[in-house]
Amino acid sequence: MSVPALTELELLDSVPTGLLINGEWRPSTTGKTFDVEDPATGKVLLSIADASAEDGKAALDAAAAAQDSWAKVPARERGEILRRAFDLVTARAEDFALLMTLEMGKPLAEARGEVAYAAEFLRWFSEEAVRAFGRYSVAPDGKTRILVTKKPVGPCLLITPWNFPLAMATRKVAPAVAAGCTMVLKPAKLTPLTSQLFAAVMQEAGLPAGVLNVISSTSAGATTGPLIKDQRLRKLSFTGSTEVGRRLLSDASETVLRTSMELGGNAPFLVFEDADIDAAVAGAMLAKLRNMGEACTAANRFIVHESVAAEFADKFALKMKEMTIARGTEPDSKVGPLIDAESRDKVHELVSDAVTSGAQAVVGGAPVDGPGYFYQPTVLTGVTEGSRILSEEIFGPVAPIVTFATEDDAVRLANATEYGLAAYVFTKDLNRGIRMGERLETGMLGLNAGVISNAAAPFGGVKQSGLGREGGLEGIEEYLYTQYIGIADPYAS
C-alpha cells in the first residue's frame, strides 16, 4: 500500500540530517555540516552532519557492541525486518524517487525504476536469511563426522557510490542484515540524503539500535581509514572507482580484512551482422542512457560489424537526438544532469580528444548551456583504436562506435581493457551468443538485452572490475564465513 507522496519541501524536511549512531540521530562531534546540492540547478537542498574520525569510531563501537546479540537473533526475525523494510520502501516509492532525482539528477521515471530494483534486494534477502545452510556428512575414512556451519563475519563497513543512492545501499545492507552482521554505512558525499532516509526506514522496520550506523562525511579517508585498520572490523564492501578500490585493498591487507569490491567498468556492446538492428538500438539506448551513462555497467564501447555500422549509427543517433534534456523533476525529462561540473568536464574532454583524433559527432558532442551540469547525448563514429574514450570509463551519455570485420576482431576489441564487469552482445545466432559468453572476459553478459541487473542474479566482475558478488544466491555468502567442526566417531568404543 502506498502513502501520499510528499512535496519537495515536505520531503526534505523529513530527511534526518544527523549521524545515526547506536540508534540515535546526532550531530557531528565537531559540529560541522556540509551542503548537498541539486546538480540540475546547483542550489543547496540540505545541510547535514559531517562525520569526523571520532564519529566513525563511535559508529564502529556501536556496531561491535551490537554484533553478538544481533547474530543470535533468529534468521526468521531478521528476514521479517527486511520484509517490513521492503513494504515501507515500496509504500514510499514516490518519496524515494523524488529524493534521488533531487540529489542525483536522474529523471523521475528512472528513479522510480531504481526504487523497485532497490526494494527487491530487501525482499530477496528477507527470503535468503533462512537459507544460510551448512551440511553434515561422514568423513571418507568413516572415522569422524563433518559438520559445516555458516556464521556472520561480524561488523562491516559499507561504502556506497553516488550514482545509485538507494540500490547500492540496499544491495549491501540487506545481505548483511540477513546474515546477522552489524554495519557502518558511509554514503557518497554527493548523494547522502537517500541513505539517511533509508536508514530511518530501517529503524521503522524494527532494526535494533547499533545494527546499522550511518556516517555521512566529506572526508572518507579520515572517517573510514581508521576503521579499516581496526581489528574489530571484519568486512569491507566498497562500490566505486578502481583507483580508490586499489587503495582500499592495500589498506585492508594490513589486517587481512575480508573485502568485496565492485569497481569500474568499460562495457563493450557488440552488434553482429545478423543482429536485429532495431532491437540492438533499443538495447543500446538502455545500456547507454540509463542514469545518463553514469553507471559502471553502462555500455562504453560500441563494437559494430562493418556491414551494419552505418545503419546502426544512423538509427542510434536519431534516438539519441529525441531525448529531452531537462531537470529530472520535469515530466518530459529523459536525460538529467551529470553529477557535478568535474564529471561533465571530463566527459567533454574525452569527446574532444576523440574528435581531435578523427572521430565525428553524428549527434551531440557538447555541454548544455545554462544552470546545471547537463551534457548532450552523443554518438561518435570513426573512433580510432587507442583513443582515450575507448580505454577510460566515460560516465556520461556518449557512445563511441568502432567497427570490426570478424568474430575474432570483435572479441579482441572487447577484451582490450583492464576491466571486466559487463558486456552486451546482439546476434540472432544462439551458438555465437554462447561462444561470446565463453570468450568474453566479463562477469556479466547481456545477450540481446540492454539491462541485466537483477536482485536474484550475482552482480560483479573480473579483472580490475572487482572481487566478490552482490545479489543472487552468492550475495549472502559475502557476509558469512564457513566453520568446520570435526566430530569424533560416535561408534568408537
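Here the residue numbers are simple positions, counted from 1 along each chain's written sequence. Reporting in this predicted model follows two pLDDT cut-offs: at least 70 for local features of residues, and 80 or more for side-chain atom pairs to be given and counted; totals over whole chains, interfaces and linings ignore these cut-offs and use all residues. In computing side-chain properties, one takes all heavy atoms of the structure into account and sets aside hydrogens as well as water.

J.: Describe the sheet that holds strand β13 (residues 299–305), naming the residues involved and giving the relevant values.
T.: Criterion used throughout: strands pair if DSSP finds at least two bridges between them. Comment: elements are numbered from the N terminus, with helices defined as DSSP H or I runs of at least four residues and strands as E runs of at least two. Strand order in the open sheet made by the seven strands is β14-β15-β16-β13-β12-β17-β18, with mixed pairing throughout. What marks the edges here is a single partner per strand, and that holds for β14 (360–363) and β18 (444–447). Taken pair by pair, the neighbouring strands of this sheet meet at an average axis angle of 25°, ignoring direction. Sheet topology note: the strand β17 (residues 422–426)/β18 ladder contains four bridges and is parallel. Orientation is described by axes fitted as lines to C-alpha atoms, over the contacting stretch for helices, and by angles from 0 to 180 degrees between their N-to-C directions.

J.: Give a detailed account of the side chain of H305, specifying residues and quantitative values.
T.: Its place among the elements puts H305 in strand β13. Among the polar contacts made by the side chain of H305, one reaches the side chain of S307 at a distance of 2.8 Å. In this structure the side chain of H305 is engaged in a polar contact, spanning 3.2 Å, whose partner is the backbone oxygen of A405. Here a residue-residue contact requires only that any non-hydrogen atoms of the pair lie within 4.5 Å. Setting aside residues up to four positions removed in sequence, H305 forms contacts with V271, F272, E273, F404 and A405. Pairing of N or O atoms within 3.5 Å defines a polar contact, subject to two protein rules: one partner must be a possible hydrogen donor and the other a possible acceptor, and residues neighboring in sequence count only if both atoms are side-chain atoms.

J.: Residue-level account of helix α9 (residues 242–252), with values.
T.: Accessibility here uses a 1.4 Å probe with only protein chains present; expressed as a share of the type maximum, an area under 20% marks a residue as buried, one over 50% as exposed, and anything in between as partly exposed. Among the residues of α9, those classed as buried are T242, G245, L248 and A252. Looking straight down α9, one finds its buried side chains confined to an arc of 115°; they lie on one side. Looking at the buried residues of α9, the elements they touch are β7 (156–159), α8 (220–228), β10 (235–239) and β11 (258–262). Comment: arc refers to directions from the helix axis out to C-beta atoms.

J.: Could you give an account of the environment of T403, naming the residues involved and the relevant values?
T.: The residue T403 is located in strand β16 (residues 398–404) in this model. Classification of T403 as partly exposed rests on a relative accessible area of 46%. C-alpha of T403 to C-alpha of I339: the two residues are 64 residues apart in sequence and 31 Å apart in space. Sequence-distant contacts of T403, that is, excluding residues within four places in its chain, are made with V304, E306, A309 and L413.

J.: Could you give an account of the sheet that holds strand β5 (residues 135–138), with specific residues and numbers?
T.: A sheet is described by the order of its strands in space; here three strands give the open sequence β5-β6-β20, paired in antiparallel fashion. Of all the strands in the sheet, the pair left with one neighbour each is β5 and β20 (480–488). Strand-to-strand, the axes of this sheet are offset by a mean angle of 20°, without reference to chain direction. Strand direction decides the pairing type here: strand β6 (residues 144–152) and β20, joined by nine bridges, are antiparallel.

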